[in-house]
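# Coordinates in review
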Amino acid sequence: MKKSDLERSHYVLRRIELIQDFEMPTAATTIRVSRDGQYILAAGTYKPRIRCYDTYQLSLKFERCMDSDVVTFEILSDDYSKLVFLHVDRYVEFHSQHGHYYKTRIPKFGRDFSYHYPSCDLYFVGASSEVYRLNLEQGRFLNSLQTDAAEINVCDINPVHQLFAAGTVEGKVECWDPRVRSRVAVLDCALSSVTEGTEVEGLPSVSALKFNSSLGMAVGTTTGQVLLFDLRSSHPLLVKDHYYGMPIHSINFHEQLDLVLSADSKIIKMWNKDTGKMFSSIEPSSSITDVCVYPGSGMLFTANEDPKMNTFYIPALGPAPRWCSFLDNLTEELEENPESTVYDDYKFVTRKDLENLGLTHLIGSPLLRAYMHGFFMDIRLYHKVKTMSNPFAYEEYRKDKIRQKIEESRVQRVQLKKLPKVNKELAIKLMEEGDNEDALSAAKKKKAKVRNNILRDDRFKMMFENPDYQVDERSEEFRLLNPIVSKVGQQRRKKLQQLVEKEQEDQEDEELEGRASSEEEESSDDDKSWVEEVREQRRLIRAEERQRRFNERKKQDRNTNLQPRFYQIKTGEEFRSFGDVARKQKVQKTSLEERLRQEESSGMLNLTDTAVGSKQITFTLKKVSEFTVL
């Protein structure tokens, strides 16, 4: 079986065909859901036709062919019994439950229409400045509404207060009151859609229009912006850009989560209507022509430029419809067993890679699929561009392969342990520990592999290759930590040796009390030994620091030029510095009694008796001649 057949069979096994034959012969243009939720109607080609699917039966109910392609259609009743179709050849066709009922024609080519339930009027807009009104109760055309626009693209009627709004090619939205048939307001959306950082080509025309409740309105432009308005203000509350530059053709609101679902021909974006924050996005493989949300659920349908009409179910948006409630169980099973998507035929490239290859102009094209911080591109295109940008890549690849083959052949020879250029001591230590741990059993080797594989682990290879990671054994930090680390290594090796002996002798795990006490004493002695080593290292570090400072001062004194100062001794002065020092030393050696007797005889000390029987001593300071000695 071919690979393509295997992939196709695998896809068929995983595919869920929710509705049988949910497709068109060539392409689908418009899709709608009836108000009772039982019927799904879609218009497509070729040949032009309308198909109705019954959700209760999960199959096709009927199919009707048309004379021309359908621009758009509406369901006027709760089921499929009343339908209105607008054709490309200006015809308006009415269908009842049994089939074709009536056909009429409008003066200009139509692009969109809306139904006003209170008055039973159909409002048609198209390639004209007029809005044509067809009353279904009277069966005739009424006076048209004259606008200031050259052409009108879309229209919509508010379901609460029945305000009629029409989007023009000039980028304006004209609002009319059907009760008095007069214009009440004009919004300039073209000017409001151009914000800071927005690049547009041409005039932004209105391409989509949708009311939300009584005061909310969303407007889509042909340049890819969505504007949210409050009818009480002429300025938009929020401007959301799709960044594809394609016309917005479908806007829907999700009331439960306050989301806006806007779609162009490439992507469906779901975002919060208050903050503009992205909720999710869907990018089908084919161009999108219309989007329809199933009411009150997380399911939506898309009409595409492809025979198959897509059905998407997002559990975060809401539960599955009643007629396919089994989808909730399937999604729960998928969440329990997640599968990672592998892109075998794609190459992930970043923006920098695209700049190196010169492919930045492909951003936004179908050749690049945006993903995370880069893009997925076809692997064949990548190889082709890579070859063109680097013609010698094959030669480099060939040399690498030859080098790998040579290295593989060398593995069969006797391998010598080569030490790395950086941190050789650490590598030797790890090798010795690995050799010691080889003596352990297979159960114990699981932990040993972690340390032994450090030399072969790519995460740590820079530690043995980059000189910046060299361990400085002369640093203060290393000398203070080395006694502790070495002691821990000794204890670890001792413990490994005990385990080896224990396995060899097959002794029991229970230990005797005497042996336990001896181990405790050894551990306490080891603790004291490494503490002494740390203290010794600290003492050596302090001594080295003092020696270093002494050498610096000595060097500084040697480099300093000292200029001696000379003083002249005047005539008549006696140089008695050495005699005074000797005399002072002699006085200090005598007793106190002798010194007092000498000072009294010299007249420096005077002893007198007082009235209370005490002695009073008076000292007389001897004048000493002043001189300077250098």
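Above this text sits the structure in question.
Residues numbered from 1 in each chain as written. Predicted model: local features only at pLDDT ≥ 70, side-chain atom pairs only at ≥ 80, totals over all residues. Heavy atoms only, no water.

## Considering the overall build of the protein chain
Scanning the protein chain for helices and strands turns up twelve helices and 32 strands. By residue count, 34% of the 630 residues in the protein chain fall in the buried class. Partitioning the intrachain contacts of the protein chain with sequence separation of at least 6 by distance along the chain shows that 43% fall at a separation of at least 24. With an accessible surface of roughly 42,200 Å², the protein chain has 50% of that area assigned to carbon and sulfur atoms. (Helix = DSSP H or I, 4+ residues; strand = E, 2+ residues; numbered from the N terminus. Buried < 20%, exposed > 50% of the residue type's maximum accessible area, 1.4 Å probe, protein only. Contact = heavy atoms within 4.5 Å. Areas by Shrake-Rupley, 256 points an atom, 1.4 Å probe, with all protein chains shown as cover.)

## Details of the sheet that holds strand E5 (residues 70–75)
Strand order across the open sheet formed by four strands is E5-E6-E7-E8, with antiparallel pairing between neighbours. The open sheet has two free edges, formed respectively by E5 and strand E8 (100–105), since each of these has just one partner strand. In this sheet, adjacent strand axes meet at a mean angle of 20 degrees when their direction is disregarded. The sheet contact formed by strand E7 (residues 91–95) and E8 spans five bridges and is antiparallel. Along E8, the bridge assignment pairs Glu93 with Lys103. (Pairing = 2+ DSSP bridges. Axes fitted to C-alpha atoms, helices over the stretch in contact; angles between N-to-C directions.)

## Structural notes on the side chain of Asn304
Of note, Asn304 is situated in strand E26 (residues 299–304). Asn304 sits in the buried class, given a relative accessible area of 0%. In this structure the side chain of Asn304 is engaged in a polar contact, spanning 3.1 Å, whose partner is the backbone oxygen of Lys308. (Polar contact = N/O pair within 3.5 Å; in protein donor to acceptor, adjacent residues only side chain to side chain.)

## Quick word on the nonpolar core
Core analysis: the largest hydrophobic core is formed by 21 residues, its most contacted members being Phe22, Ile31, Ile40, Met299, Phe301 and Trp323. Of all elements in the fold, only strand E1 (27–33), strand E2 (39–45) and E26 reach the threshold of two or more residues within this core. If we skip the residues at most four places from it in the chain, Ile31 touches Phe22, Ile40, Leu41, Ala42, Asp290, Cys292, Phe301, Ala303 and Met309. With 14 residues, the next largest nonpolar core counts Val154, Val173, Leu187 and Phe229 among its residues. (Core = buried A, V, L, I, M, F, W, Y, C linked by side-chain atoms within 4.5 Å.)

## Focus: the pairing of E1
Across the seven residues of E1, five count as buried, placing the element largely inside the fold. With six bridges connecting them, E1 and E2 associate as antiparallel partners. Opposite Val33, over in E2, you have Ile40 as the bridge partner. Here E1 hands over to E2 after five residues, with Gly37 in that stretch at a positive phi of 75 degrees.

## A word on a nonpolar patch on the surface
On the surface, a nonpolar cluster with roughly 250 Å² of combined accessible area is contributed by Ile16, Phe326 and Leu330. Considering the arrangement of structural elements, one finds Ile16 in the loop between helix H1 (3–14) and E1. Classification of Ile16 by relative accessible area gives exposed; the value is 51%. (Patch = residues over 30% accessible without salt bridge, like charges linked within 9 Å, V, L, I, M, F, W, Y side chains within 5 Å. Salt bridge = Lys/Arg side-chain N within 4 Å of Asp/Glu carboxyl O.)

## Some points on the packing of aromatic side chains
One pass over the structure, following the stated rule, counts 13 aromatic pairs. Consider the rings of Phe94 and Tyr102, whose centres lie 6.5 Å apart with planes at 35 degrees: the pair is tilted. With relative accessibility at 48%, the residue Tyr102 sits in the partly exposed group. On the basis of an interplanar angle of 90 degrees and a centroid distance of 6.5 Å, the ring pair of Phe348 and Tyr371 is categorised as edge-to-face. One end of the pair, Phe348, is in strand E28 (residues 346–350); the other, Tyr371, is in strand E29 (residues 368–371), with 23 residues separating them in the sequence. Residue Tyr371 is classed as partly exposed on the basis of its relative accessible area, which comes to 37%. Among the aromatic side chains, those forming a connected cluster through ring pairs are Phe22, Tyr53 and Phe301. Lying across the ring of Phe109, Arg90 places its NZ or CZ 5.6 Å from the centre. (Phe/Tyr/Trp six-rings, centres within 6.5 Å; stacked < 30°, edge-to-face > 60°. Lys NZ or Arg CZ within 6 Å of the ring centre and 35° of its normal.)

## As for the sheet that holds strand E24 (residues 278–282)
Within the open sheet, the four strands sit side by side as E21-E22-E23-E24. Their pairing is antiparallel. If you trace the sheet from one side to the other, it starts and ends with strand E21 (250–254) and E24, each paired once. Direction aside, the axes of adjacent strands within the sheet are offset by 15 degrees on average. The pairing of strand E23 (residues 268–272) with E24 spans four bridges and is classified as antiparallel. The residue of E24 that forms the bridge with Lys269 is Ser281.

## Things to note about the pattern of salt bridges
In the structure shown here, the tally under the stated rule is 17 salt bridges. With its nearest N and O atoms 3.0 Å apart, the salt bridge here joins Asp177 to Arg179. For Asp177, a relative accessible area of 14% gives the class buried. Through salt bridges with shared partners, one network takes in Arg32, Glu74 and Asp290.

This is a description of form; function is not addressed.
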